[in-house]
Amino acid sequence: MNNYQTEQQTANWLKQNGMDEKSFTVIDLPFIQAQQVAFALMKYHAELLDDDQTAFVCSYLEDIKHKAKRKKLTATKAYRVLNIGTKINRQLFKAHKKSR
């Protein structure tokens, strides 16, 4: 496999997970982690979120995509998204444990 094919595979994987290649050089790590969690929450576990959580996660995803809004994001917002992700993960684990 040549370098171009691997770069294309990487770009496709990032796109499937709600990110792009440029974001890694521009955005700090906690914001990227929160973006990944927010994307996964909305894609796979949106039914477990309440209305406030859904609105917050959606607004975070919109803000992280726009350069001007991204500059206004604080670490508090990113950590709030990560905390929501942790809460949903706990719910999923409890449900999985109960089903065994």
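For clarity, every value in this text was computed on a predicted model and none was experimentally measured.

**Q** Which parts of the structure should I look at to understand the environment of Phe31?
**A** Note that Phe31 resides in helix H3 (residues 29-44). Remark: the alpha-carbon pair of Phe31 and Leu73, spanning 42 residues in sequence, is separated by 8.6 Å. Ignoring anything within four residues of it in the chain, the contact list for Phe31 reads Tyr60, Ile64, Leu73, Thr74, Ala75 and Ala78.

**Q** Any chance you could explain the packing of aromatic side chains here in plain terms?
**A** Geometrically, a pair of aromatic rings is defined through the distance of the ring centres and the angle of the planes. Overall, the coordinates contain zero aromatic pairs when judged by the stated rule. The ring of Phe56 carries the charged tip of Arg80 above its face, separated from the ring centre by 4.0 Å.

**Q** Hey, could you run me through the nonpolar core in this one?
**A** One broad trend across soluble globular proteins is that nonpolar side chains are buried collectively. Of all hydrophobic cores here, the largest spans 20 residues; its most connected members are Phe31, Tyr60 and Ile84. Elements supplying a minimum of two residues to this core: H3, helix H4 (51-65) and helix H6 (75-99). Sequence-distant contacts of Ile84, defined by excluding residues within four places in its chain, comprise Leu41, Leu49, Gln53, Phe56 and Val57.

**Q** Hey, could you run me through the pattern of salt bridges in this one?
**A** As a working rule, side chains carrying opposite charge can pair if their charged atoms are close by. Applying the stated criterion across every chain yields a total of one salt bridge. The closest approach of N and O atoms between Lys77 and Asp63, which form a salt bridge, is 3.6 Å. Here Asp63 lies in helix H4 and Lys77 lies in helix H6, a separation of 14 residues in the sequence. We classify Lys77 as partly exposed; its relative accessible area is 30%. Assessed through its relative accessible area of 14%, Asp63 is described here as buried.

**Q** Could you clarify how one ought to interpret the side chain of Gln35 in this entry?
**A** By secondary structure assignment, the location of Gln35 is in helix H3. We classify Gln35 as buried; its relative accessible area is 6%.

**Q** What exactly am I supposed to notice about H4 here?
**A** Side chains that are three or four residues apart share a direction in an α-helix, a result of its 3.6 residues per turn. If you check H4, its first and last C-alpha atoms are 22 Å apart, about what 15 residues at 1.5 Å a residue would give, namely 21 Å. When H4 is considered as a whole, its buried residues turn out to be Gln53, Phe56, Val57, Tyr60, Leu61, Asp63 and Ile64. Angularly, the buried residues of H4 cover 165° about the axis, an arc narrow enough to put them on a single face. Exposed residues on H4 whose side chains face more than 90 degrees from its buried face are Asp51 and Lys65. Where H4 is buried, its residues touch H3, helix H5 (67-72) and H6.

**Q** In this structure, what is going on with helix H1 (residues 3-16)? I would like to understand it.
**A** For H1, spanning 14 residues, the distance from its first C-alpha to its last is 20 Å, which sits close to the expected 20 Å at 1.5 Å a residue. The N-terminus of H1 is capped by Asn2, whose side-chain oxygen sits 3.3 Å from the backbone nitrogen of Tyr4. Once H1 finishes, Gly18 follows within two positions and takes phi at roughly 80°, a positive value.

Cut-offs and rules
Residues numbered from 1 in each chain as written. Predicted model: local features only at pLDDT ≥ 70, side-chain atom pairs only at ≥ 80, totals over all residues. Heavy atoms only, no water. Helix = DSSP H or I, 4+ residues; strand = E, 2+ residues; numbered from the N terminus. Contact = heavy atoms within 4.5 Å. Phe/Tyr/Trp six-rings, centres within 6.5 Å; stacked < 30°, edge-to-face > 60°. Lys NZ or Arg CZ within 6 Å of the ring centre and 35° of its normal. Core = buried A, V, L, I, M, F, W, Y, C linked by side-chain atoms within 4.5 Å. Buried < 20%, exposed > 50% of the residue type's maximum accessible area, 1.4 Å probe, protein only. Salt bridge = Lys/Arg side-chain N within 4 Å of Asp/Glu carboxyl O. Expected span 1.5 Å × (residues − 1). Arc of directions from axis to C-beta. Polar contact = N/O pair within 3.5 Å; in protein donor to acceptor, adjacent residues only side chain to side chain.

Read these as spatial facts, not as claims about activity.
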